[in-house]
Amino acid sequence: LKEGYIVRYADDFKIICRDSDTAYKWYHSIRLYLKARLKLDISLEKSKVIKQKKKQSEFLGFTIKAVPKKNKRVANTGIVAKKKLQLKEKYRELIKKIQKSPTAENVQIFNSFIMGVHNYFRKATHVAIEFSQLSFELMHFTKNRLKGISKYGYPINAPPTFKKFYKTTRKTFCINGNYLYQIGDVRTSNNM
């Protein structure tokens, strides 16, 4: 692709071009190729040409929008609203599970979920802001559910695995010596 870039994951792909004429050429070429050669129809609802300067698009749970920075445009990326709702629902489900049975295994399942979410979304440019907001929205729920079965404080004597992934000064919940990873404590990673 001389005039664009392609990002592909399984059957989802996004082609990013410098101008709309090139984008429309690629759109129609790919649509016709898939129909003629592979006998595949594309979803007309999901497949479209979008001007990233004016409107954000979605790809694999991320939002993408081109915004001005100095003399060029850069990608502003975040988390799709629907995905945030799914994350909140899963978070609540796992906290309820810990409330019913405050075992090390349930804490480990919760921590694995948080780490997986952090690893997946850490490339988004606005992930720290969005996860901090999620943390704020879920804090009251978490405190109410874990009241009486946990201690809330700074992870002073945290185990090596906690220290390896989270160099935080935030308070967190400790259940029987096991610290919960905080959803708002994501470490971002720059894209090349």
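Heads up: the structure comes first, above all this text.
Since we're looking at a predicted model, the values are computed, not measured.

Trainee: What exactly am I supposed to notice about the overall build of the protein chain here?
Mentor: A count of helices and strands for the protein chain gives five helices and eight strands. The order of α-helices and β-strands along the protein chain, N terminus first, is β-β-α-β-β-β-α-α-α-β-α-β-β. Dimensions of the protein chain along its principal axes, counting C-alpha atoms only, are 60 × 40 × 30 Å. Counting the 192 residues in the protein chain, one finds 33% classified as buried. Sequence separation of at least 24 residues holds for 48% of the intrachain contacts in the protein chain that already meet a minimum separation of 6. Counting only carbon and sulfur atoms, one obtains 53% of the accessible surface of the protein chain, whose full area is about 13,500 Å². Taken as two groups, the 41 positive and 14 negative side-chain charges of the protein chain have centres that lie 7 Å from each other.

Trainee: How should I be thinking about empty space enclosed by the protein in this particular structure?
Mentor: Empty space among the atoms can be located by rolling a probe the size of a water molecule over them. Considering all chains together, one arrives at one cavity of 30 Å³ or more under this definition. Of the voids in this model, the largest cavity is the one considered here, and its volume is about 40 Å³. In terms of lining, the largest cavity is formed by Tyr-91, Phe-110, Thr-142, Phe-173, Leu-180, Tyr-181, Gln-182 and Ile-183. When its residues are assigned to classes, the lining of the largest cavity shows six nonpolar, two polar and no charged.

Trainee: Any chance you could explain the sheet that holds strand 5 (residues 72–79) here in plain terms?
Mentor: Working definition: the strands of a sheet are paired by backbone hydrogen bonds and lie parallel or antiparallel to each other. Overall, antiparallel pairing links the three strands, which are arranged 3-4-5 in an open sheet. The sheet is open, and its two borders are formed by strand 3 (57–59) and strand 5, each paired with just one other strand. Going from strand to strand, the sheet's axes swing by 40° on average, the running direction of each strand aside. Direction of pairing for strand 3 relative to strand 4 (residues 62–69): antiparallel, over a ladder of three bridges. Residue Glu-58 lies in a different strand from strand 4, and its bridge partner there is Thr-63.

What counts, and where the lines are drawn
- Residues numbered from 1 in each chain as written.
- Predicted model: local features only at pLDDT ≥ 70, side-chain atom pairs only at ≥ 80, totals over all residues.
- Heavy atoms only, no water.
- Helix = DSSP H or I, 4+ residues; strand = E, 2+ residues; numbered from the N terminus.
- Buried < 20%, exposed > 50% of the residue type's maximum accessible area, 1.4 Å probe, protein only.
- Contact = heavy atoms within 4.5 Å.
- Areas by Shrake-Rupley, 256 points an atom, 1.4 Å probe, with all protein chains shown as cover.
- Lys, Arg positive; Asp, Glu negative; His and termini not counted.
- Charge placed at Lys NZ, Arg CZ, Asp CG, Glu CD.
- 1 Å grid on protein atoms, 1.4 Å probe; cavity = no way out; pocket = protein on both sides within 12 Å on 5 of 7 lines; lining within 4 Å.
- Points joined across faces, edges and corners; volume = space filled by probe spheres on them.
- Nonpolar A, V, L, I, M, F, W, Y, C, P; charged D, E, K, R; others polar.
- Pairing = 2+ DSSP bridges.
- Axes fitted to C-alpha atoms, helices over the stretch in contact; angles between N-to-C directions.

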